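# Chain and residue survey
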Amino acid sequence: MRVFLLLFLLFPILELALLIKVGGAIGVLPTLLLVIATAILGSVLLRVAGVATAWRARERLARGELPEQEMLEGLLIAVGGGLLLLPGFISDVLGLFCVLPFSRRLLVAKLRQRAAEQAMRQRAFADDLAARSGRTRPNVLDGEYERRD
């Protein structure tokens, strides 16, 4: 939690420092135009990528499949669009990384892998606790039999 708080406080300071550096190098007006252009680009990319992802999710639902890939991509698109709308260059780079299809798919694959690993750890921990407390049920097979002599 402390690391999150540190990043939350450090991120705006880094963004401001980079904006001042870029503004000093290329001037105030070009820096403002660049920030406005990235916000416009972010809103356009958010709309286009969001609609495409929604259509893919709808197609998978029509086939009777669960659109888990599209749901994760939609979440990353929303996060990336929000980062692109924020003023600053670091947030723009992170937002582009979330919105562009090739990097978004890499992020989704990594998220799915981490979620699967976390589920395995939780399952192993729960099974271990259940075995220690003696609350495990024996494997019982229901069935009928007939004795023949």
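Residues numbered from 1 in each chain as written. Predicted model: local features only at pLDDT ≥ 70, side-chain atom pairs only at ≥ 80, totals over all residues. Heavy atoms only, no water.

On a plain count of helices and strands, the chain comes out with 5 helices and 0 strands. Secondary structure of the chain in N-to-C order comes out as α-α-α-α-α. Looking at the chain residue by residue over its 149 residues, the buried ones come to 21%. At a minimum sequence separation of 6, the contacts of the chain that also span at least 24 residues come to 55%. Accessible area for the chain stands at about 11800 Å²; split by element, carbon and sulfur atoms hold 69% of it. (Helix = DSSP H or I, 4+ residues; strand = E, 2+ residues; numbered from the N terminus. Buried < 20%, exposed > 50% of the residue type's maximum accessible area, 1.4 Å probe, protein only. Contact = heavy atoms within 4.5 Å. Areas by Shrake-Rupley, 256 points an atom, 1.4 Å probe, with all protein chains shown as cover.)

In this structure the tally under the stated criterion is 1 aromatic pair. For the ring pair Phe4 and Phe8, a centre distance of 6.4 Å and an interplane angle of 25° mean the geometry is stacked. Of this pair, Phe4 and Phe8 both sit in helix α1 (residues 2-26), separated by 4 residues, roughly a single helical turn. When sorted by exposure, Phe4 lands in the same class as Phe8, which is exposed. (Phe/Tyr/Trp six-rings, centres within 6.5 Å; stacked < 30°, edge-to-face > 60°.)

Attention now moves to the side chain of Arg104. Within the secondary structure, Arg104 is located in helix α5 (residues 101-133). We classify Arg104 as buried; its relative accessible area is 3%. Aside from chain neighbours lying at most four places away, what touches Arg104 is Ala49, Thr53, Arg56, Glu73, Leu76, Ile77, Phe97, Cys98 and Val99.

Listed under "transmembrane region" (unreviewed entry) in the UniProt record, and renumbered for this structure, are residues 29-55 and 75-102. Annotated as residues 29-55, this span is 100% helix and 0% strand, and its ends, taken at the C-alpha atoms, are 39 Å apart. Between the C-alpha atoms that bound residues 75-102 the distance is 15 Å, and the span itself is 86% helix and 0% strand. (UniProt positions renumbered as here; feature names shortened; annotations may be inferred.)

A cluster of nonpolar side chains, contributed by Val28, Leu32, Ile36, Ile40, Val44 and Val48, occupies part of the molecular surface with about 570 Å² of accessible area. By the element assignment, Val28 lies in helix α2 (residues 28-62). For Val28, a relative accessible area of 61% translates into the label exposed. (Patch = residues over 30% accessible without salt bridge, like charges linked within 9 Å, V, L, I, M, F, W, Y side chains within 5 Å. Salt bridge = Lys/Arg side-chain N within 4 Å of Asp/Glu carboxyl O.)

When its volume is computed, the largest pocket comes out at roughly 210 Å³. Considering the residues around the largest pocket, the lining is formed by Phe4, Leu7, Phe8, Phe11 and Pro12. Among the residues making up the lining of the largest pocket, the classes are represented as 5 nonpolar, no polar and no charged. (1 Å grid on protein atoms, 1.4 Å probe; cavity = no way out; pocket = protein on both sides within 12 Å on 5 of 7 lines; lining within 4 Å. Points joined across faces, edges and corners; volume = space filled by probe spheres on them. Nonpolar A, V, L, I, M, F, W, Y, C, P; charged D, E, K, R; others polar.)

Okay, the pattern of salt bridges next. Taken as a whole and assessed by the stated rule, the structure comprises 8 salt bridges. With its nearest N and O atoms 3.1 Å apart, the salt bridge here joins Arg60 to Glu65. You can call Glu65 partly exposed: its relative accessible area is 33%. With a shortest N-O distance of 3.4 Å, Arg60 and Glu70 are connected by a salt bridge. Note that Arg60 is positioned in helix α2 and Glu70 in helix α3 (residues 68-85), a separation of 10 residues in sequence. For Glu70, a relative accessible area of 9% puts it in the buried group. Salt bridges linked by common partners bring Arg56, Glu73, Arg104 and Arg105 together as one network.

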